[in-house]
Amino acid sequence: MADITITINGIPITAKENETILNIARANGIFIPAICYLSCCSPTLACRLCMADADGKRVYTCNAKAKDGQVVVTNTPEIEAERRAIMEVYAINHPLECGVCDKSGECELQNYVHDMKVADQHYAVANTYRDVQVWDNIRYDASLCIVCERCVTVCKDRIGEAALRTIPRGEELAAPKEYKDTMSKDAYAVWNKMQKSLIDKVRDENGNAVDCAKCGECSAVCPTGALADNDFHYTSNAWELKRIPAANPHSSDCSLIYYEVKQQGIDNPNPKIYRVQNEYNFSPLSAAARYGYDFENRGAAKDKEAFQEVVNFIKNEAGSILFNSFITNEEALILQKLKEEFSLKLINEDAYVYQRFLKAMSKCSGQSLYRGTLDSIKESDFIISVGAMLRYDAPNVGYALNSALKMNRASAIYCHPINDKTVQNFSKNLLELNYKPGSEEAVLYLLLELFAPLSELDDITSEYLQSFHIKTKKKTDEGETQTITSKFWDIAGLKDATAQIEALRKGKNRFSLIIGEDVLVHSRWQNMAYIVGTLERLANFEVVVIPTQTNTLGVSLICELDKYEEGKSLGYNRMGDVTVSAFGDGFDIPALNQQEGTFTNIDKRVVPTNAALKFNGYNLNDIASALGIYAKYTIDYTQKLPTNAGFKRKAFDELEIDFDNAGKDRRGYLLDNQSVDISKTPINWENVTIDGDVVYRLNPVEHFSLFTNRAHQLKRKGSLFASKEFIASHNLIDGQKVKVKSQSGVILHLNAEEDKNISGEFAYLPTFDSMLNVYPFFGEYRFATFTVEGVYDDE
């Protein structure tokens, strides 16, 4: 888009065409009040406070696009009087309970009333009683609601759930007729909306509220106390809380979060995390990030004897270290140094499969890392996702896809065996292709044929694709025509959707390709990595390969990982011959909310995180220092991260941890994406089939790991989660106890639980419950065959 120049309050500003005046002003530090607008969401014009004069005409800046040469004035006596009148209307019958309201001290209504000097009230209207409703983790107090519609907007435009709506109030608040004449036009419009509407959950034909991901973003954006977290209700004043910036410790978006902490009381001075907040205009959170905050290792102390036993074990007996990717970059570097010093094997299955995929992909893409980011997805107008249950595996990637569809009018193809009904409803411009489990390679070959120019493919690959062509001749009145389709459609269990895809991509210019874990752990991962790399290089896709755990990308770049363990094992947050753990089931180490350090997130950005709570025991750096690998603090390793993997020589305290006014992420720094010699091309396809009843390895939308299940607001039991169709076809009842059996004969007894958001003959088993070991049901691949043996009674 072309640059334009506008003047706001006498200040010349360069901006992009089609930007709104409000966003331009915000990006340049010019304040325009708005109590209904959210960045990157549709304007609702509910509050009208953002009014300004543009070239002498009154406009609402949240909706008005800037024009080259435009002159904008945001404050005049008339505008200020209008805004004051609107705030006065908002204050009609608003309960005077600021002293006990959870929002007091951070309430936008409260702030604007003071800012606009609303010291008296010219209107009086009889009030009506409105019940407080409880929606899962959220409580809705309609008496505090100003019907700004932020909650409805964020749920639809950013999260993609569309689980909230405005409804008629029922009994309207009758204003005296003369108010219509005495109120200004804008003030009366605001009043009219408030007195006619309320917020409610979207409901099905039976009047039941539809399921949602329970992310809590609706309460985060609420400018008043109308939507509030149940758990936080009446526990603290906002100004008593210490705000500690950190990164989401549960998934690879590593979104900016703020732990809000204070001591628990006079008799208990120990600090406690009371809640998590976010920069809701720029960085939405998943349920795990918002509610999964209290997973710390409690009550640990320094046990010198146990510490020495761990040190001696590593020095004299250990052959391998088993760990996962819920660690910082600094911890990963210490583990790598332990490997080098003591010739240990480093075993991390998650990062291992990610590391090998990136290396193989780079041999076709010509770059060490993929090019895409969450922002590039949002800014794309054509997006394809393969091998990921986005809302479950990576909620923030799902948010980015939904944002592109809603705000950028993008088209998308969502490819996965399991139908996600919420994703299906993101947009009419989304085509869902439910291929057969195991056929990801066939799907990627289809994409290669549809999007990579055959003239730029090497001869072998081009001829190979053409060998799968089916040519059909058909006689018409105009003569004989020939159509060509690919056998890969049938191999994937799909009908030829070439025409639909061509229609969706027509006129689109910026492409994104999202690759999920199903591709990484497939037996044909190597060839699929070659195909994805070729698509990025030749078809101009900006690829995002979703890191499967919080710091999967960082670990894969820092550590030399091994496939097989040797000798005795040290388990680092995993069970080993000797276990060091933040779960309290071995030698105690701190959890991620008790550490400072960095993660490498999905955007290839090295982001800092801070400790919310103190840890009184030993950490990995203490162990390494006792073994001769010395550093005073763990964060001393931040500036020692390997530059040959794209890291920079930056100290922890040099790293920023915020957004700028335009929403640009300034945290940490971006990795250097390095050039790689192109040396590979896609090779022949091999058929992989999964027959019989199929189970999938997947966690529910609010869970990622054992850590999220330690949080008191998320804790639950693992179940056999299944679609309505699966439950019906196996004659099960929702909540019924069942016995399931893996191909190798492993048996689990657990409850069957319907997941109302999926459809098709599918069930899934989660990994978040420590009491439920589901790994024997699966190899590397996430789909497996299993049997439901029947129901059982544990009595």
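Coordinates for the structure precede this section.
Structure report, in brief. (Residues numbered from 1 in each chain as written. Predicted model: local features only at pLDDT ≥ 70, side-chain atom pairs only at ≥ 80, totals over all residues. Heavy atoms only, no water.)

1. Quick word on the sheet that holds strand E11 (residues 242–247)
Taken together, 3 strands build an open sheet; the order of strands is E11-E12-E13 and the sheet is antiparallel. Because the sheet does not close on itself, it has two edges, and the strands there are E11 and strand E13 (271–278). Going across the sheet, the axis of each strand differs from the next one's by a mean of 30°, ignoring polarity. Bridging between E11 and strand E12 (residues 256–263) involves 6 bridges; their strand directions are antiparallel. Bridging from a neighbouring strand, Arg243 pairs with Glu260 of E12. (Pairing = 2+ DSSP bridges. Helix = DSSP H or I, 4+ residues; strand = E, 2+ residues; numbered from the N terminus. Axes fitted to C-alpha atoms, helices over the stretch in contact; angles between N-to-C directions.)

2. Some words on the packing of helix H11 (residues 349–365) against helix H21 (residues 525–538)
Two measures define how a pair of helices packs: the angle their axes make with one another and the distance between the axes. Where H11 contacts H21, the axes come no closer than 7 Å and their chain directions differ by 45°. Taken together, the axes of H11 and H21 lie oblique to each other. Taken as a pair, H11 and H21 cross one another with a handedness that is right-handed. Between H11 and H21, the residues in contact are Arg356, Phe357, Ala360, Met361, Cys364 and Ser365 and Trp525, Gln526, Met528, Ala529, Tyr530, Val532, Gly533, Thr534, Glu536 and Arg537, respectively. (Parallel < 35°, antiparallel > 145°, perpendicular 65-115°, else oblique. Left-handed = near helix turned anticlockwise from the far one by under 90°. Contact = heavy atoms within 4.5 Å.)

3. Overview of the sheet that holds strand E7 (residues 138–141)
Note: strands within a sheet are paired through backbone hydrogen bonds, in either parallel or antiparallel orientation. If you trace the 3 strands from one edge of the open sheet to the other, you get E6-E7-E10, paired in antiparallel fashion. Each edge of the open sheet carries a strand with a single partner, namely strand E6 (132–135) and strand E10 (227–229). For this sheet, the mean angle separating the axes of adjacent strands, direction not counted, is 25°. Pairing geometry for E6 and E7, over 4 bridges, is antiparallel. Bridge pairing in E7 places Gln133 opposite Tyr140.

4. Structural notes on the environment of Ile657
By the secondary structure assignment, Ile657 is in the loop between helix H23 (620–626) and strand E29 (669–670). Apart from residues no more than four positions distant in its own chain, Ile657 is found in contact with Pro245, Ala246, Leu256, Pro608, Asn610 and Arg667.

5. Digging into the side chain of Asp665
Topologically, Asp665 is positioned in the loop between H23 and E29. Apart from residues no more than four positions distant in its own chain, Asp665 is found in contact with Arg605, Asp658 and Phe659.

6. Quick look at unusual backbone geometry
Positive phi outside glycine occurs at Lys214, with the angle close to 55°. Although it is not a glycine, Asn540 sits at a positive phi angle of roughly 60°. Inspection of the secondary structure puts Asn540 in the loop between H21 and strand E23 (541–545). Among the residues examined, Asn540 registers a relative accessible area of 51% and is labelled exposed. (Buried < 20%, exposed > 50% of the residue type's maximum accessible area, 1.4 Å probe, protein only.)

7. What to know about the packing of aromatic side chains
Within this structure, the stated rule accounts for 26 aromatic pairs. An angle of 85° between the planes, with centres 6.1 Å apart, marks the rings of Phe488 and Trp685 as edge-to-face. Taken together, the residues Phe488 in helix H18 (residues 487–491) and Trp685 in the loop between E29 and strand E30 (694–697) connect sequence positions 197 residues apart. No difference in accessibility class separates Phe488 from Trp685, as the two residues are buried. The interplanar angle of 20° and the centroid separation of 5.1 Å between the aromatic rings of Phe721 and Tyr764 together place this pair among those described as stacked. Separated by 43 residues along the polypeptide, Phe721 in strand E31 (residues 720–722) and Tyr764 in strand E35 (residues 763–765) bring together distant segments of the chain. (Phe/Tyr/Trp six-rings, centres within 6.5 Å; stacked < 30°, edge-to-face > 60°.)

8. Some points on helix H9 (residues 304–316)
If you check H9, its first and last C-alpha atoms are 18 Å apart, about what 13 residues at 1.5 Å a residue would give, namely 18 Å. By the burial criterion, the buried members of H9 are Phe307, Val310, Val311, Phe313 and Ile314. Taken down its axis, H9 places every buried residue within 160° of arc, on the same side. Residues of H9 that are exposed and point over 90 degrees away from its buried face: Lys304, Glu305, Lys315 and Asn316. Along its buried surface, H9 packs onto strand E14 (318–323), helix H10 (329–342), strand E24 (568–572), strand E25 (578–581), strand E26 (587–588) and H23. The N-terminus of H9 is capped by Asp303, whose side-chain oxygen sits 3.2 Å from the backbone nitrogen of Glu305. (Expected span 1.5 Å × (residues − 1). Arc of directions from axis to C-beta. Polar contact = N/O pair within 3.5 Å; in protein donor to acceptor, adjacent residues only side chain to side chain.)

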